[in-house]
Amino acid sequence: IKSYVFTDINKPLVLGMFNDIVCCGDSLTYGLVYTSSTTSRKANSPYPDTLAKLTGCNVTTLATAGFKASDWWNTYNENITGKNKLYLIYLGTNGAITDTVDTDCVGDDYTQYAETETGYYGRIIQKIKDTDSFCIIIKVAKGTSSVSNPALINMATRFNVPIVDNPATGSASPLEN
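Residues numbered from 1 in each chain as written. Predicted model: local features only at pLDDT ≥ 70, side-chain atom pairs only at ≥ 80, totals over all residues. Heavy atoms only, no water.

Looking only at helices and strands, one finds six helices and nine strands in the protein. A burial count over the protein gives 49% of its 177 residues as buried. Relative to all contacts within the protein whose residues are 6 or more apart in sequence, the contacts with residues 24 or more apart total 66%. In the structure as shown, the protein presents an accessible area of about 8,500 Å², 49% of it carried by carbon and sulfur atoms. (Helix = DSSP H or I, 4+ residues; strand = E, 2+ residues; numbered from the N terminus. Buried < 20%, exposed > 50% of the residue type's maximum accessible area, 1.4 Å probe, protein only. Contact = heavy atoms within 4.5 Å. Areas by Shrake-Rupley, 256 points an atom, 1.4 Å probe, with all protein chains shown as cover.)

So, in structure tokens, the structure goes:
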């Protein structure tokens, strides 16, 4: 098992002891960079590719442009398998994750969570935790979403998972090269 500390320009992000990293998300994880409100381009090196190069870990990308938390769950939830993986969740630019985690994600049985974007986001996190893996929420970059960062902070608090700032300024990708 490999242990890494990745230091970004602004602050360190401890990735921990993982051989396998799974990057969960939408177009930003997939690697689209938006040059205006109507145009985008593929990043030179989407952040999951950069992460693999920096760490030497096996990095899997589970991302599709335009996906909300419910779309991600309905497409990829069967891929949440195995132990001791690090899941980076960078969802929230599409669909509204509201600050309703206390009512949408009651208990530990994620199959009973509300069928809202907040409920599906909670399902993703709880299923990851149930597989004895670890997850980190990456805050959506300022100006890229209608999702409020307080909603993501409350989600992280509810599920006792870390949340990190997205250091991106010119792009929405946390490690764009």
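Enumeration over the complete set of coordinates arrives at one salt bridge. The salt bridge partner of Asp132 is Lys83, with a shortest N-O separation of 3.8 Å. Residue Asp132 is located in the loop between α5 (117-130) and β8 (134-138), and its partner Lys83 is located in the loop between α3 (69-76) and β7 (85-90); the two are separated by 49 residues in the primary sequence. Note on Lys83: relative accessible area 58%, which makes it exposed. (Salt bridge = Lys/Arg side-chain N within 4 Å of Asp/Glu carboxyl O.)

Bringing the packing of aromatic side chains into the picture now. Per the stated rule, a full pass over the model turns up five aromatic pairs. A ring pair is formed by Tyr113 and Phe159, whose centres lie 6.1 Å apart and whose planes are at 55 degrees; its orientation type is tilted. One end of the pair, Tyr113, is in the loop between α4 (101-104) and α5; the other, Phe159, is in helix α6 (residues 149-159), with 46 residues separating them in the sequence. Take Tyr113 and Phe159: they sit in the same class, and that class is buried. Put simply, the rings of Phe67, Trp72 and Tyr76 touch in pairs and so form one group of aromatic residues. Lying over the aromatic face of Phe159, Arg158 brings its terminal NZ or CZ to 4.3 Å of the ring centre. (Phe/Tyr/Trp six-rings, centres within 6.5 Å; stacked < 30°, edge-to-face > 60°. Lys NZ or Arg CZ within 6 Å of the ring centre and 35° of its normal.)

On to the sheet that holds strand β6 (residues 58-63), then. Here five strands make up an open sheet; going across it, the order is β6-β3-β7-β8-β9 and the pairing parallel. Across the chains shown, the open sheet's two edge strands, defined by having one partner strand only, are β6 and β9 (163-164). (Pairing = 2+ DSSP bridges.)

Before going further, it helps to examine α6. All of the buried residues along α6 are Ala151, Leu152, Met155, Ala156 and Phe159. Seen end-on, α6 carries its buried residues on one side only, within an arc spanning 140 degrees. Against the buried residues of α6 lie α4, α5, β8 and β9. With its phi angle positive at about 55 degrees, Asn160 sits one or two positions after the end of α6. (Arc of directions from axis to C-beta.)

Another point: the packing of α5 against α6. Two numbers describe how α5 lies on α6: the axes approach to 11 Å, and their chain directions differ by 35 degrees. The handedness of the crossing between α5 and α6 comes out as right-handed. In contact with Thr118, Tyr121, Gly122, Ile125, Gln126 and Lys129 of α5, α6 contributes Leu152, Met155 and Phe159. Split into classes, the residues belonging to the contact of α5 with α6 amount to five nonpolar, three polar and one charged. (Axes fitted to C-alpha atoms, helices over the stretch in contact; angles between N-to-C directions. Left-handed = near helix turned anticlockwise from the far one by under 90°. Nonpolar A, V, L, I, M, F, W, Y, C, P; charged D, E, K, R; others polar.)

Here Tyr30 lies in helix α1 (residues 27-30). The spacing of Tyr30 and Thr61 is 31 residues in sequence and 7.1 Å in space, taken between C-alpha atoms. In this structure, Tyr30 is in contact with Lys42, Pro46 and Ala63, ignoring residues within four places of it in sequence.

Our next topic: the side chain of Thr29. Here Thr29 lies in helix α1. According to the relative accessible area criterion, Thr29 is buried, its value standing at 0%. Ignoring any residue separated from it by four or fewer positions in sequence, one finds Thr29 in contact with Cys23, Cys24, Pro46, Tyr47, Pro48, Thr61, Ala63 and Tyr90.

Our next topic: the nonpolar core. In terms of nonpolar packing, the biggest core is built from 29 residues, with Trp72, Tyr121 and Ile125 touching the most fellow members. Counting only elements with at least two residues in this core, the list comes to β3 (20-25), α3, β7, α5, β8 and α6. Of all the elements, α5 adds the most residues to this core, at five residues. Residues Tyr47, Cys57, Leu88 and Tyr90 belong to the second largest nonpolar core, which totals twelve residues. (Core = buried A, V, L, I, M, F, W, Y, C linked by side-chain atoms within 4.5 Å.)

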